[in-house]
Amino acid sequence: MLGFVSPLPQQPGRPQPGRPPSTGHMIVCGDDALARRLAVELRFVYGERVTLLLPPGRDANSPETPLTQRGRAAALFGRMSAAMNRTAGNGNGSTGGGSSDTNAGVEAVRIMEAPEPSDDVLEEAGVDRAAALALVYDDDERNIRAALTARRLNPRLRLVIRLYNRKLGLHLEELLDQAAAVAMPGIDPATLDASTTVLSDADTAAPALAATALTGSSKVIQAEGLLLRAAERPPPGEGETADPGLCTLALLSSTTNDPAGAEGSDSSGDEGPELLPDDRSVAAATGRGTVVLEAISRADPDRPATRMGGRGAPLAQVFSRRLRWSALGFVLAAVALVIVSVLTTEDTLLHSAYLILLDLLSMNDPSEDGSTARKIIQIFSGVAGILLLPLLIAAVLEAFGTLRTASSLRRPPRGLSGHVVLLGLGKIGTRVLVRLRELDIPVVVVEEDPEARGIPLARSMHVPTVLGDVTQEGVLEAAKIRRAHALLALTSIDTTNLEATLYARSVKPDLRVALRLYDDEFATAVYRTLRTAHPQALTRSRSVSHLAAPSFAVAMMGRQILGAVPVERKVMLFAALEVGGHPQLEGRTVEQAFRAGAWRVLAIDATPPADRNPDLAALPPYPPDGGTPPPSGLVWDLHPGYVLRAQDRVVIAATRRGLAELLRRQRTVLPRQ
């Protein structure tokens with residue numbers, strides 16, 4: 001039974017009379033875990049004043065939980081506040097040393113409840129005075145409607161919108177930016193570029209989830225057509241030296257190789273993972289695995305995800321193996337009859353083949369005047385011809401059945417092995433499926449709802465699909481779980497993911513498993529239990545909102561991140577920043593700009609400012625004739641003594657708090673007229 005959650009201080013439903021309204025605050029509107037985590041990120045990492053707008057009543061995704069949306073948010077804020085107080089008490093609350101409490105003087109999160117983000121509700125939340133608004137409802141239509149309303153009420157407002165539909169998101173971003181440009185003539189293009197940002201939590205989390213299922217150790221970030229590969233490496237043995245790659249991004253927790261240990265998080269202390277360590281820490285960390293920047297390669301231009309089994313309809317998909325073997329036997333028998341005829345009748349090869357063919361089709365006259373050998377051959381040919389008729393009928397029926405089921409879901413083939421079993425084809429599962437197929441990884445999908453969002457995609461890609469409740473007996477067996485390489489449990493119900501994982505592990509103890517769980521405490525308990533029961537198997541628990549929230553928070557600060565890499569239960573961010581205006585970077589060498597545990601400069605964009613691509617996460621335009629792609633302006637082999645100039649743009653790896661410190665120095669509120 002859950003205990004009583006006390007109300008948070010300073011959370012009035014309406015502004016207090018005589019109290020001046022706050023300005024420059026941030027508003028988060030949503031109805032699920034992403035909204036709550038985003039508010040936590042802004043409040044406890046960036047030190048912002050936050051107003052959280054939630055629908056009244058219980059969480060639609062967790063109807064069995066007795067807490068309301070407000071209660072769940074209050075409980076989450078309470079846990080984070082207690083963790084922050086413990087961290088500050090231990091003296092580890094600052095990234096830069098000294099006292100830099102991000103929450104000093106910042107009031108508690110203000111929680112409001114309203115069924116819809118209407119004009120009146122947004123005005124009550126202070127949208128006309130806010131610096132940024134995040135619309136992270138699970139419904140795209142509601143987010144679009146609220147975004148149009150907010151842009152009308154405050155053209156200068158920075159908008160961050162959660163949309164699953166990518167194409168619609170691009171058009172909406174252009175429309176809202178155009179509205180902001182009309183309302184603010186002469187606005188700085190850089191400010192306008194950050195005025196509206198459309199993100200998808202599914203797109204943000206899918207690469208990390210797919211990489212976990214594929215290898216459990218490789219994560220890929222894309223920057224201006226280049227791929228940054230962050231790879232986990234086990235601790236070196238005695239007498240061995242760990243390869244640091246291009247640079248060491250993180251040290252894994254000391255309990256990683258302990259079957260009873262849990263994945264490290266922000267509250268793990270010295271035993272947890274250490275992000276962006278210095279050379280001294282790396283050298284002293286014996287027996288700990290590392291995450292290194294392993295390789296950089298050029299990304300291919302966008303291409304559709306490949307279909308399993310090829311584009312056409314090969315013979316193996318049209319006709320069964322038994323039928324193909326029968327046809328081969330018939331052909332060999334016909335060839336043998338032709339050879340025997342040539343040897344015994346001294347006839348030519350062509351004429352013998354012609355006579356045998358007529359005999360097989362029962363079109364030849366009886367060989368009454370022929371030799372005995374010729375008569376015997378004709379009898380055997382007639383018997384073989386009788387066997388040809390059922391073979392032809394079977395071929396027609398199988399071909400007809402294949403054509404009839406071409407538009408239906410494909411069943412897992414008998415010989416399939418080494419594949420990934422994906423549970424759930426909702427928003428997250430669909431994006432992960434696309435990512436796995438882009439990597440040419442064989443997948444078998446299990447989905448209970450035949451009308452799920454990703455079913456048409458699975459059908460078009462010819463991905464084997466099993467329709468059924470994964471908790472029922474025989475469903476995972478139909479997905480060939482015994483011969484699978486990994487299991488990705490991505491349904492929206494924690495207990496379903498856990499039940500499927502436990503059953504799969506009972507069938508195949510060494511199966512790689514990555515399951516989607518929301519509650520951190522529950523995820524830690526599950527991880528520890530699975531590691532203890534199956535110490536030789538890889539187990540990962542991931543929260544989509546935990547992976548996506550940093551991207552939305554950075555967008556609300558007017559910046560864009562290139563990607564988020566999970567390091568156990570921490571998150572490392574890759575971002576592009578202008579050096580100008582950041583005293584921690586400007587005028588310093590690359591070596592001096594590095595701050596252990598906070599940020600590291602990885603690359604510099606050598607492209608002139610006027611020719612730079614504003615979106616480093618996007619691929620540069622490729623020649624229409626398929627020629628050589630344009631070279632990247634990013635320089636990765638940096639000299640430690642290079643002095644960073646104000647006009648430089650750099651790619652950095654940063655912790656959440658490190659990036660918050662960099663952006664906090666840049667935080668401004670747009671002037672009001």
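Just so it is clear, the model here is predicted, and its values are computed rather than measured. (Residues numbered from 1 in each chain as written. Predicted model: local features only at pLDDT ≥ 70, side-chain atom pairs only at ≥ 80, totals over all residues. Heavy atoms only, no water.)

A. Structural view of the overall build of the protein chain. Tallying secondary structure elements over the protein chain gives 20 helices and 22 strands in all. By residue count, 49% of the 673 residues in the protein chain fall in the buried class. In the protein chain, once contacts between residues fewer than 6 apart in sequence are set aside, the share between residues at least 24 apart is 75%. Counting only carbon and sulfur atoms, one obtains 56% of the accessible surface of the protein chain, whose full area is about 32300 Å². (Helix = DSSP H or I, 4+ residues; strand = E, 2+ residues; numbered from the N terminus. Buried < 20%, exposed > 50% of the residue type's maximum accessible area, 1.4 Å probe, protein only. Contact = heavy atoms within 4.5 Å. Areas by Shrake-Rupley, 256 points an atom, 1.4 Å probe, with all protein chains shown as cover.)

B. Broad picture of the pairing of strand β20 (residues 599–605). Summarising burial for β20: 7 of the 7 residues are buried, a large majority. With 6 bridges connecting them, β20 and strand β22 (residues 649–655) associate as antiparallel partners. Residue pairing for β22: A603 is matched across the bridge by V651. Across 2 bridges, β20 lies against strand β21 (residues 634–635) in antiparallel orientation. The residue of β21 that forms the bridge with D605 is L634. (Pairing = 2+ DSSP bridges.)

C. Fine view of the packing of helix α1 (residues 33–44) against helix α18 (residues 544–556). Packing of α1 against α18 brings their axes to within 9 Å, and their N-to-C directions diverge by 55°. When the axes of α1 and α18 are compared, the pair comes out oblique. With respect to the hand of their crossing, α1 and α18 are arranged in right-handed fashion. Contacts from A33, L34, R37, L38, E41 and L42 of α1 reach α18 at S545, H546, A548, A549, P550, F552, A553 and M556. (Axes fitted to C-alpha atoms, helices over the stretch in contact; angles between N-to-C directions. Parallel < 35°, antiparallel > 145°, perpendicular 65-115°, else oblique. Left-handed = near helix turned anticlockwise from the far one by under 90°.)

D. Main features of the nonpolar core. One finds Y46 and L659 to be the most contacted residues of the largest nonpolar core, which totals 50 residues. Counting residues per element, this core draws most heavily on α18, at 7 residues. (Core = buried A, V, L, I, M, F, W, Y, C linked by side-chain atoms within 4.5 Å.)

E. Representation of the pattern of salt bridges in the model. A complete count under the given rule lists 16 salt bridges for this structure. For the salt bridge of R162 with D138, the shortest nitrogen-to-oxygen distance reads 3.4 Å. Here D138 lies in the loop between β4 (132–136) and α4 (140–153) and R162 lies in strand β5 (residues 158–162), a separation of 24 residues in the sequence. In this structure D138 comes out as partly exposed when scored by relative accessible area, which is 35%. (Salt bridge = Lys/Arg side-chain N within 4 Å of Asp/Glu carboxyl O.)

F. A look at unusual backbone geometry. One non-glycine residue, L276, adopts positive backbone phi at about 50°. L276 sits in the buried class, given a relative accessible area of 0%. Phi at K480 is positive, roughly 60°, even though this residue is not glycine. Of note, K480 is situated in the loop between α15 (475–478) and β15 (486–489).

G. Broad picture of the pairing of strand β19 (residues 570–578). Summarising burial for β19: 8 of the 9 residues are buried, a large majority. In this sheet, β19 lies alongside strand β18 (residues 561–567) in antiparallel orientation, the contact comprising 6 bridges. Bridge pairing in β19 links I561 to A575. Where β18 folds back on β19, the antiparallel hairpin that results is connected by 2 residues, among which E568 adopts a positive phi of roughly 55°. Inspection of the sheet shows β19 paired to β22 by 7 bridges, in the antiparallel sense. Among the inter-strand pairings, F574 is bridged to a residue of β22, identified as A653.

H. Main features of the sheet that holds β19. One open sheet holds the 5 strands; their spatial order is β18-β19-β22-β20-β21, and the pairing between them is antiparallel. The outermost strands of the open sheet, each flanked by one partner alone, are β18 and β21. The strands that α18 touches are β18 and β19; relative to β18, the one it contacts most, it runs at about 150°.

I. The arrangement of the confidence of the model for the protein chain in detail. Mean pLDDT over the protein chain works out to 76, with 71% of the residues at or above the 70 mark. Predicted confidence for residues 87–106 stays below pLDDT 50, and this span has 25 contacts to residues more than four positions away or in other chains. Confidence drops under a pLDDT of 50 for residues 665–673, and excluding neighbours within four residues, the segment shows 20 contacts in the predicted structure. (pLDDT = per-residue confidence, 0-100.)

J. Examining helix α10 (residues 321–345) more closely. Over its 25 residues, α10 extends 36 Å from the first C-alpha to the last, a length consistent with the 36 Å expected when each residue adds 1.5 Å. Within the sequence span of α10, burial applies to L323, F330, A334, L337, V338 and S341. With its phi angle positive at about 55°, E346 sits one or two positions after the end of α10. (Expected span 1.5 Å × (residues − 1).)

K. The environment of L487, seen in detail. One can find L487 in strand β15. Using a relative accessible area of 0% as the deciding quantity, one classes L487 as buried. Here the alpha-carbon distance between L487 and T539, two residues 52 residues apart in the chain, equals 9.8 Å. Apart from residues no more than four positions distant in its own chain, L487 is found in contact with V421, L423, I481, A500, T501, A504, L511, R512, V513 and A514.

L. Summary view of helix α16 (residues 494–507). Over its 14 residues, α16 runs 20 Å from end to end, which matches the ideal 20 Å to within 8%, given 1.5 Å per residue. Turning to α16, its buried residues are T496, N497, L498, A500, T501, A504, R505 and V507.

M. Quick peek at the packing of aromatic side chains. This model, assessed by the stated rule, comprises 0 aromatic pairs. We note R43 situated over the ring of F44; from NZ or CZ to the ring centre the distance is 4.9 Å. Above the ring of F594, the side-chain terminus of R600 is found at 4.2 Å from the ring centroid. (Phe/Tyr/Trp six-rings, centres within 6.5 Å; stacked < 30°, edge-to-face > 60°. Lys NZ or Arg CZ within 6 Å of the ring centre and 35° of its normal.)

N. Just a positive patch on the surface, in detail. A cluster of like positive charges, contributed by R321, R322, R411 and R414, occupies part of the molecular surface. Here R321 shows up in helix α10. The exposure class assigned to R321 is exposed, which follows from its relative accessible area of 60%. (Patch = residues over 30% accessible without salt bridge, like charges linked within 9 Å, V, L, I, M, F, W, Y side chains within 5 Å. Lys, Arg positive; Asp, Glu negative; His and termini not counted. Charge placed at Lys NZ, Arg CZ, Asp CG, Glu CD.)

O. Up close: the sheet that holds strand β6 (residues 196–199). Spatially, 6 strands are ordered β3-β2-β1-β4-β5-β6 in an open sheet, and the strand pairing comes out parallel. Single-partner strands in this sheet number two, and they are β3 (110–113) and β6. Put simply, the sheet's adjacent strands are angled 15° from each other on average, direction ignored. Note: β4 against β5, 4 bridges, orientation parallel. Residue pairing across strands places A134 opposite V160, the latter belonging to β5. Lying on the sheet, α1 is in contact with β1 (26–30), β2 (50–54), β4 and β5; it crosses β2 at an angle near 175°. Set on the sheet, helix α5 (residues 166–183) makes contact with β5 and β6; between it and β6 the angle comes to about 170°.

P. Fine view of the environment of L517. Tracing the sequence through the fold places L517 in the loop between β16 (512–516) and α17 (520–533). Separated by 23 residues in the primary sequence, L517 and D494 have C-alpha atoms spaced 5.5 Å apart. Apart from residues no more than four positions distant in its own chain, L517 is found in contact with D494, F522, A523, V526, S541, R542 and S543.

Q. Main features of a nonpolar patch on the surface. Together, V331, V335, I339 and L343 make up a nonpolar patch on the protein surface, roughly 380 Å² of accessible area in all. Position of L343 among the secondary structure elements: in helix α10.

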